[in-house]
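Examining the three-dimensional arrangement
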Amino acid sequence: MSARPPASPSAARVPATLSVAPVLRVARLPHHPWHKPALSVLVAGLVPALVLAAFDRLDLTACALSGSLVAVYCHAVPYRRRALLHLRLVAAWTAGVAVSLAAAASTTSVVAHILVVAVLAAVTKVVGEASTVGPPGPVLPIFVFSGLTFSPEQWGQVPGHLGLAAGSALVGWLVVMAPGVVRPYGPERRAVAVALDAAAAYVDAPDAATRGALVTAVRDAAHCLAAPGAHHPIRRALAAHLAAAERVLVDPAAVAAERLRADAVLIKGRNGELPPPAVPTAPPHVPAVTRAVAPTFATRHPVLAALRPGSRYTPYLLRVLVGCLAAASLSHLLGVGRPYWAVVTAAAIMLPDRTLTWQRAPARAGGTALGVLLFVALAPLAHRDPLVMVALVLTLNAVVELVIPRSYLLGQVLVTPMALLITEFGHVHPAGELVSDRLLDTLLGVALGLVAAVIVPNPHLHRRVVHHVGALEDAAALALAAGPGSSPGQAARLRRRIYDEHAALRQAALHASGEWWSRRHDEAAATAATERAHEALVALRQDASR
């Protein structure tokens, strides 16, 4: 067995690094399902648009799109779990649209509208962080809710507009679920392929960063396979491949990297029979749906727990609320006609820690500056016919979902003209006015979002590291105490608990290391906990092989 390198959970990012290099980087995502959200949002938006075109009501396209954008979410979730999760997202999204339309119809006060959109933005950011819907994050619903709040709405129009948005969201649900008919185990296949690729990277370079990435990938794949219907033959075959990735975690020399990558390609690409696992003797134990520890209120209801006063998300909520209120208020004082763009910008750049926020800000500003130039070029074409405008918006939306996971900067170049064109449905505005308002709001949102990130501290980030250090140590001690008498099922549950806590510690340490000018956590204790956890995994694997 090869020697184990030091594994500091915070080694992947140096604290207080303010480099903007990530802005220009184009990420490689070999197993990212980029085409799924892109095609889904295109189809989900096209269906209601065609219906509106048939009734000559393309002026309502913005309302339809406010619901159909929900189709970009949940594409990494297994279909059985996705059905209910995405339906809950549709319900929450529709509730946000209802609040926005009601606020727009209730008053014309810009101050009241600013307060509503700032609160909606802060709550949506926290819900997005606490939920399991996955990328692309909460900026899309914030954009929708903010735009609708500032729209010229009358009470008599609210039921029809809300019904159109809700109907489009349900179309989005159908589109998101449709691929399950052809490829029912696509998400599970992709998750296991990612774990095998991470295992290959660990074989090539067994260091702290690749080990942490492998633990997280194995944890994610295990959760994916633990969905209802876990004992289907396809799932059991995938579990055997996941066991091979787990074997690499404790013994990097067990499997060749080339074999792992080849299996990953075959698993992701096929829809039927799977290749044999790289470690035939590995027990194909399917992860249990039950938890290794007793569930708490936070694990049963993570969104509700996140919104409780005093939760670990409270400082983040206050940070977003302060930044959005300040940006929109200053925008209004300067006479900008659409201060909600300042809210969207401030909310978009504010991420869980200050370093991530800093790195997001230049991409938002630079991408918007380039994007308004693209809007100026596209606006004359879009204004020729409403159908052309609809086609441009849907095309830009689909391309954005393709580009933005790889480069946030390039994504913003395309998001900006799409957002500006959406405001043009039914109400054509002078291009110069839209461009100047958008640029000023972007600068205000970026500047005041950064200020809010600095002045509102988040001590919970370091407390979370301390909590997960203790939880990981407890999980490792429990696994070591179980000894050789552990059954395969018990050993698997103990390993899952270690994976969960190891991945949670890694994420907590990454965020805490980016919260500069704050109290530091004990990085040596975090490193010792990960080493202890690795010893427990080795012991469990040796017990399983006896």
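Source: prediction; values computed, not measured.

1. So, the environment of Pro430
In this fold, Pro430 is placed in the loop between helix H18 (408-422) and helix H19 (431-455). Look at Pro430 and you get exposed, because its relative accessible area is 51%. For Pro430 and Ala379, which are 51 residues apart along the polypeptide, the C-alpha to C-alpha distance reads 9.9 Å.

2. Remarks on the packing of aromatic side chains
Enumeration over the complete set of coordinates arrives at 4 aromatic pairs. Measuring from ring centre to ring centre gives 6.3 Å for Trp93 and Phe145, while their planes differ by 70°; the resulting arrangement is edge-to-face. Linking Trp93 in helix H4 (residues 79-106) with Phe145 in helix H6 (residues 139-149), this pair joins segments that are 52 residues apart in sequence. The burial state of Trp93 is the same as that of Phe145; both residues are buried. By way of ring pairs, the aromatic residues Tyr73, Trp93 and Phe145 are connected into one cluster. Positioned above the aromatic ring of Tyr79, the side-chain terminus of Arg82 is 4.0 Å from the ring centre. Its guanidinium or amino end placed over the ring of Trp341, Arg438 lies 5.4 Å from that ring's centre, counting from NZ or CZ.

3. Notes on a nonpolar patch on the surface
A contiguous nonpolar surface patch, about 360 Å² in accessible area, is contributed by Val43, Val47, Val51 and Phe55. Tracing the backbone shows Phe55 in the loop between helix H2 (35-54) and helix H3 (61-68). Overall, Phe55 belongs to the exposed group, its relative accessible area being 64%.

4. Overview of the nonpolar core
Counting residues in each nonpolar core, the largest one holds 85 residues, and the members touching the most others are Tyr73, Trp93, Val97, Val144 and Cys324. In contact with Cys324, other than residues within four places in its own chain, are Ala118, Ala121, Val343, Ala346, Ala347 and Met350. Counting 56 residues, the second largest nonpolar core, distinct from the first, contains Ala191, Ala200, Ala221 and Leu472.

Thresholds, definitions, all that
- Here, residues in each chain are numbered from 1, in the same order as that chain's written sequence.
- Only residues with pLDDT of 70 or above have their local features reported here, since the model is predicted, and side-chain atom pairs are shown and tallied only from 80 upward, although totals for entire chains, interfaces and linings are computed over all residues.
- Side-chain measures here rest on the full set of heavy atoms in the structure, leaving out hydrogens and waters.
- Secondary structure is summarised from DSSP: a helix means a run of H or I of at least four residues, a strand means a run of E of at least two, and numbering begins at the N terminus for each.
- When accessible area is computed with a 1.4 Å probe and restricted to protein chains, residues below 20% of their type maximum are described as buried, those above 50% as exposed, and intermediate ones as partly exposed.
- When two rings of Phe, Tyr or Trp (its six-membered ring) have centres within 6.5 Å they constitute a pair, described as stacked for plane angles under 30 degrees, edge-to-face for angles over 60, and tilted for the intermediate range.
- Criterion for a charge above a ring: Lys NZ or Arg CZ within 6 Å of the ring centre, and within 35 degrees of the ring normal.
- Surface patches are drawn from residues lacking salt bridges whose relative accessible area is over 30%; two like charges belong together within 9 Å, two nonpolar side chains (Val, Leu, Ile, Met, Phe, Trp, Tyr) within 5 Å.
- Under the convention used here, a 1.4 Å probe and the Shrake-Rupley method define accessible areas, while residue burial counts only the protein chains that appear.
- Definition used for salt bridges: Asp or Glu carboxyl oxygen within 4 Å of a side-chain nitrogen of Lys or Arg.
- Definition used in this section: a nonpolar core is a set of buried Ala, Val, Leu, Ile, Met, Phe, Trp, Tyr and Cys residues joined via side-chain atoms within 4.5 Å.
- By definition in these notes, contact holds between two residues if any of their heavy atoms fall within 4.5 Å.

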